[in-house]
Structures are given as structure tokens and as C-alpha cells.
Amino acid sequence: MREDMHCNGGLIRHYRKQLKLTQLQLAVKAGLSERVVRKAENDELLRADSLELLASALGTAAMPLHARDLTSDPLAIAQAYMRSYLQYGADSPRQSEDLFAPDVVMAIHTDDANLQFAGDFHGVDGIEKMIRYAYAQFTHVKKDFGRWSVNGQRAVALCEEVLQATASPDSPLLHTWILPEYAVVGGQISRIDNYIDSIAWSRYLVEVNGLSGTFP
């Protein structure tokens, strides 16, 4: 019996654009017709073997893909954005626009009222502004998103980070964690809730002179 799989068009388009391929070029690389690629990017059903060919063509040696990575599975969508974040850093929101709902919101939650960078950031513009601010303030020494869980249409990652204040290259390192929770609606990320290690951040900002945690 033939198995059909429901494609996530935005996810497939995201990977194609990262490789700078047209639909025709992707079709040729995958050994499929351009019509099949159009169907995939229109969120239609595709045979599992065709989707596997498409995934193989979109994958790279550093980031191999499989058919399940191109479906509407919330974990696949959240991990696609995380790969983009790890690869592009501050440019990741623009590189990942196809993955976001138009009214996407990113929230940063903290128990410390003095950490003023907490709050809600609306749309790709708001998310980009926040991430660029973070990259301007801190050098990311290490980022590890190794553990994931899924609850319905939500995917949660446990990230361990090592950061250093950009303005103070001799400052100590901040070893911390962040728990991003991705809500996926209609095959796109509608909300990202980031829960941070408030205690570690509060101590670090007090220790490092000139940093207040204020978002401009």
C-alpha cells in the first residue's frame, strides 16, 4: 500500500532558499518533476519515497534530512528554526521567515524584575531586533540544543549556553540554560516562549560592570 505524507510547504521552501535553489533546480537535483516540488511547497500530500528524495536533495553533509523532517510535525519545524539559529545567529529570523506565522510572538520570561530585556517581541521585526541586541551584548561561546520533547503542537528544547560580555573580553563566562517552547499552528511557529535562568543572569549582570539587562 502506498504511503502518502502531508508536506509542510513553508519548511520545504525554507530549506530550498537556504540552498539558493529554484523549484526547477531542486526538482532536477532530487530526480523529480517541478510539479512535484510545487505540490510539496503547496502543503499537499506526497508519496513517502518522493518526499525522501526531496529530503535527500535538501540535506547537506552537515545537516542530513529525512522525509519526516519535511512534514508538519511540530518537532521538525522547531528544529528547523533552531538549525537556522545555530547557523545564522542574528540573521536567523530573516533566514527563517517561511517558518513563522505573520503574527508570531517571542516572549522572554524571567522571575527577576530587574532583567528588563524580558517581555514580548512581535513579528519577525521584533524577534530580529531582540536577537541582534543579544548578539551585540554577548559573544556566544557555546550553544547546545541537545534535548527535545513534544506535547501536542508544542516542541520544547533544553539549551545550554556559555556566553561572555562583548564589551568586557576579560569578563567571566556565563554558564546558563534557556528553555524555548515553540507553539506550532497550521504548520508555522506562532509563538516562542523562552524561559531563562534568572538567578544566573542576575548574578552575572551585577558582576559585569556596565550591563543592566535593559532593552533599548
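In short, a report on the structure. What you are looking at is a predicted structure, and each value in this text was computed from that prediction instead of being measured. (Residues numbered from 1 in each chain as written. Predicted model: local features only at pLDDT ≥ 70, side-chain atom pairs only at ≥ 80, totals over all residues. Heavy atoms only, no water.)

## Description of the sheet that holds strand E8 (residues 188-196)
Alright, step 1. The sheet built from six strands is open, its strands ordered E4-E3-E8-E7-E6-E5 with mixed pairing. Across the chains shown, the open sheet's two edge strands, defined by having one partner strand only, are strand E4 (119-122) and strand E5 (138-151). Taking each pair of neighbouring strands and ignoring which way they run, the sheet shows an average axis angle of 20°.
Alright, step 2. Note that strand E6 (residues 154-165) and strand E7 (residues 174-185) share eight bridges and pair antiparallel. Among the inter-strand pairings, Leu-163 is bridged to a residue of E7, identified as Leu-174.
Alright, step 3. Sitting on the sheet, helix H7 (residues 123-137) is in contact with strand E3 (100-109), E4, E5 and E6, with an inclination near 120° to E4. (Pairing = 2+ DSSP bridges. Helix = DSSP H or I, 4+ residues; strand = E, 2+ residues; numbered from the N terminus. Axes fitted to C-alpha atoms, helices over the stretch in contact; angles between N-to-C directions. Contact = heavy atoms within 4.5 Å.)

## Considerations on helix H5 (residues 74-88)
Alright, step 1. For H5, spanning 15 residues, the distance from its first C-alpha to its last is 21 Å, which sits close to the expected 21 Å at 1.5 Å a residue.
Alright, step 2. Those residues of H5 that fall on the buried side of the exposure criterion are Pro-74, Ala-76, Ile-77, Ala-78, Gln-79, Ala-80, Tyr-81, Met-82, Ser-84 and Tyr-85.
Alright, step 3. Phi for Gly-89, located one or two positions after H5, is positive at around 60°. (Expected span 1.5 Å × (residues − 1). Buried < 20%, exposed > 50% of the residue type's maximum accessible area, 1.4 Å probe, protein only.)

## Observations concerning the packing of aromatic side chains
Alright, step 1. A complete count under the given rule lists six aromatic pairs for this structure.
Alright, step 2. Note on Tyr-85 and Tyr-135: the rings are 6.2 Å apart at their centroids and 80° apart in plane angle, and the pair reads as edge-to-face. Linking Tyr-85 in helix H5 with Tyr-135 in helix H7, this pair joins segments that are 50 residues apart in sequence.
Alright, step 3. For Tyr-85, a relative accessible area of 11% gives the class buried.
Alright, step 4. What links up through ring pairs into an aromatic cluster is the set Tyr-81, Tyr-85, Phe-100, Tyr-135, Trp-148 and Tyr-182.
Alright, step 5. Directly above the aromatic system of Tyr-85 lies the positively charged group of Lys-143, at a separation of 4.5 Å from the ring centroid. (Phe/Tyr/Trp six-rings, centres within 6.5 Å; stacked < 30°, edge-to-face > 60°. Lys NZ or Arg CZ within 6 Å of the ring centre and 35° of its normal.)

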